[in-house]
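An overview of the molecular structure
Listed here are the chains, written in short residue letters.
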Amino acid sequence: MKGGKLVAFGVSLILVVGVVIAIIVGTNHTKNSSGNGDKDDQVLSSTSKSVASVCSQTDYKKACVNSLSSMANNQSATPKDFIQKAIEVAIQEVKAGMERSASIGKAEAHDPLQKMATDDCKDLLQFAIDELQASFSSVGDSNLHTMGDRETELKNWLSAVISYQQTCMDGFTQPELQNAISTSLLNATQLTDNALAIVAAISDILSAFNIPIGNKTDTKSAGTAASRRLLDANDNDKEAAQNTENGYPAWLSSSDRKLLAAGTNIAQPPPNAVVAKDGSGQYNTIAAALAAYPKNLKGRYIIYVKAGIYDEYITVTKDQVNVFMYGDGPRKTIVTGQKCNRDGVSTYQSASFSAVGDGFIGKSMGFQNTAGPEGHQAVALRVQSDMAAFYNCRMDGNQDTLYAQTHRQFYRNCVVSGTVDFIFGDAAAILQNCLIIARKPMDNQQNTVTAQGRTNIRETTGFVIQNCRIVPEQLLEPMRFKIPTYLGRPWKMYSRTVIMESTLADFIQPAGWMPWSGNFALDTCYYAEYANRGPGANTNNRVKWKGFKVITDRNEALQFTTAPFIQGNQWLASTGAPYFLGLNN
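I will try to describe carefully the structure that is included in this document.

What counts as what
- Residues numbered from 1 in each chain as written.
- Predicted model: local features only at pLDDT ≥ 70, side-chain atom pairs only at ≥ 80, totals over all residues.
- Heavy atoms only, no water.
- Phe/Tyr/Trp six-rings, centres within 6.5 Å; stacked < 30°, edge-to-face > 60°.
- Helix = DSSP H or I, 4+ residues; strand = E, 2+ residues; numbered from the N terminus.
- Buried < 20%, exposed > 50% of the residue type's maximum accessible area, 1.4 Å probe, protein only.
- Lys NZ or Arg CZ within 6 Å of the ring centre and 35° of its normal.
- Core = buried A, V, L, I, M, F, W, Y, C linked by side-chain atoms within 4.5 Å.
- Contact = heavy atoms within 4.5 Å.
- Salt bridge = Lys/Arg side-chain N within 4 Å of Asp/Glu carboxyl O.
- Pairing = 2+ DSSP bridges.
- Axes fitted to C-alpha atoms, helices over the stretch in contact; angles between N-to-C directions.

According to the stated counting rule, one finds 16 aromatic pairs in the structure shown. Where phenylalanine 360 meets phenylalanine 390, the ring centres are 5.6 Å apart and the plane angle is 45 degrees; that geometry is what we call tilted. In this pair, phenylalanine 360 is assigned in the loop between strand E9 (353–355) and strand E10 (361–363) and phenylalanine 390 in strand E13 (residues 388–391), connecting sequence segments 30 residues apart. With a centroid separation of 6.4 Å and 40 degrees between ring planes, the pair formed by tyrosine 527 and tryptophan 545 is classed as tilted. With tyrosine 527 in strand E27 (residues 526–530) and tryptophan 545 in the loop between E27 and strand E28 (548–550), this residue pair connects regions lying 18 residues apart in the sequence. Tryptophan 545 matches tyrosine 527 in its accessibility class, with the two residues each being buried. Through pairs of rings, three or more aromatic residues link up here, namely Phe353, Phe360, Phe367, Phe390 and Tyr411. We note arginine 489 situated over the ring of tryptophan 516; from NZ or CZ to the ring centre the distance is 3.9 Å.

What follows is the structure, given as structure tokens:
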């Protein structure tokens, strides 16, 4: 995981690397990025025109051509068939990679942290397989003329797959072992990259096959005409009707349409389960209430957690979808834990509370990790849930407080506190009207608010901090100019973070952002600021990286607002949380 400790392994690691080489020799695809010029042309010219049309969009063209070779002589194959095949071979390779990584990890089972990383890998790669299978089914359920309407959902799922694969590799803290795992997953990561590239180029591929594209719905993340109308109107109740069924996007399931159409007021909903430590509820623990999650649930499963400190590690599982959990206030209803990297726990497993099942809503609750700055990586809240929303919540910790791991997330009127990289992950997350508090770190440390983890330029992920306040805690206040505080640092090659319309206190360093290591990702990241205010918002002395910019074009800023970036106009109304879709001013 990010910033993990190094562990010495000795001779056994050499054996592991040897095993890896033996396993993958003869099966590994050679990287052929789009910058390889003549080699790429040779690869594409040696295959059929249809395969060449699809693979021309990818970074690993040789791997793409090989994976689609069975389609080369199929004259009746459609773009839909090619996309499904690309996803199918990615599924096969992720499954194979999962087996290889498990074998490699077992060789170092005597080391607890590496054994935990092996277990994490198994879970993460299973999530990856599930997302790929959902993508495969979604393409299969579409027709050629409406396939473009599913582009946003497919990119959302495939971006998560890439994140799961990267998190698996990051979990191994010993460099040689991490490289061995990375090599064992090389086929899987390249083919997933290709699948995302192909999906991102659906319009071009359909055109190459002379198939009419039709009108796009506002699910397109860059912001179509329909979503721009929503942004301009700034109206929570409007729904884009273009190319939709009964006002809902074509890809939305019938059960989800019914849920949205019901318009249930969940601001003060009657709970299905009441949790109370004093015995006044149906359950004494949150875990017990979640264990009672009903099979074949329709609608939401609503859990009211009465005031109290709940010292239990909670996971809302993948199968527990549409859970709405609310408390008596973020300082009254608190889920707490103290797992941390110092004690041999992986970042992924250190979370006090993990929201995995899609559609999770949290309201008026606190989530904390009390390991302290000495605990290093210690997550209070980990969010993997798609279309997750948190309202009036607190996330308190030090390093790695809020793990916004994958998918689309929204935080409103929340408090997030921490020290090093305390908002991190690879989700598409918007924090709106939140209070972000930098705390006093360990000696010789600096504060970094964000560390976003986008590894592929086509991923739809990134962090947007909008209309928030970034301030020091009271303990940091008197030494705020001695302990540097930065808005973020680029954790991965294509890290993306936008701070806009927010108030930045005077303790933010004039440079604004700091490097991760040397020149890594300084040219490829996307860090931007727009219309911020306060003494820390002066951009005159900001970093001069190629990957940093001060946004001056309102239209450029609009693409990072709630409707186009996380498609919030389609699902936030059902969460009951307040929000605005466009710019605040």
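We are not done yet, so read on.
We now examine the nonpolar core. By size, the foremost hydrophobic cluster in this structure holds 63 residues, and its most contacted members are Ile303, Met325, Phe353, Phe390 and Tyr411. Each residue touching tyrosine 411, except ones within four places of it in the same chain, is listed here: Leu381, Val383, Phe390, Met395, Leu402, Ala404, Ala429, Ile430, Leu431, Gln432 and Cys434. If you look at the next biggest cluster of nonpolar residues, it comprises 56 residues, including Val65, Leu68, Ile129 and Leu154.

It is possible for side chains bearing opposite charge to pair when their charged atoms get close. A complete count under the given rule lists 17 salt bridges for this structure. Salt-bridge contacts for glutamate 477 lead to arginine 480; the nearest nitrogen and oxygen are separated by 3.2 Å. A relative accessible area of 34% means that glutamate 477 is categorised as partly exposed. For arginine 480, a relative accessible area of 17% puts it in the buried group. Its salt-bridge partner being aspartate 506, residue arginine 480 comes within 3.0 Å of it at the nearest N-O pair. Here arginine 480 is found in the loop between strand E23 (469–472) and strand E24 (485–488), whereas its partner aspartate 506 is found in the loop between strand E26 (503–504) and E27, with 26 residues between them in sequence. Among the ionic contacts, a cluster of salt bridges with common partners joins Asp59, Asp193 and Arg458.

This part covers the environment of leucine 381. Within the element layout of this structure, leucine 381 appears in strand E12 (residues 381–383). You can call leucine 381 buried: its relative accessible area is 0%. The spatial distance from the C-alpha of leucine 381 to the C-alpha of glycine 366 is 9.4 Å, given a sequence separation of 15 residues.

Attention now moves to unusual backbone geometry. Within the chain, asparagine 296 stands out as a residue other than glycine whose phi angle is a positive 55 degrees. Here asparagine 296 shows up in the loop between helix H13 (286–291) and strand E4 (301–305). Residue class for asparagine 296 comes out exposed when judged on its relative accessible area of 75%. Positive phi outside glycine occurs at asparagine 433, with the angle close to 55 degrees. With respect to the helices and strands, asparagine 433 occurs in the loop between strand E19 (428–432) and strand E20 (435–438). Taking relative accessible area as the criterion, asparagine 433 reaches 24% and is therefore assigned partly exposed.

Overall, parallel pairing links the seven strands, which are arranged E6-E9-E12-E15-E18-E21-E24 in an open sheet. The open sheet terminates on both sides in strands that have one partner only, identified here as strand E6 (314–316) and E24. Strand after strand, the sheet turns through a mean of 15 degrees between neighbouring axes, direction not considered. Looking at chain direction, strand E18 (residues 420–425) and strand E21 (residues 447–452) are connected through four bridges and run parallel. Counterpart to phenylalanine 424 in the pairing with E21 is alanine 451.

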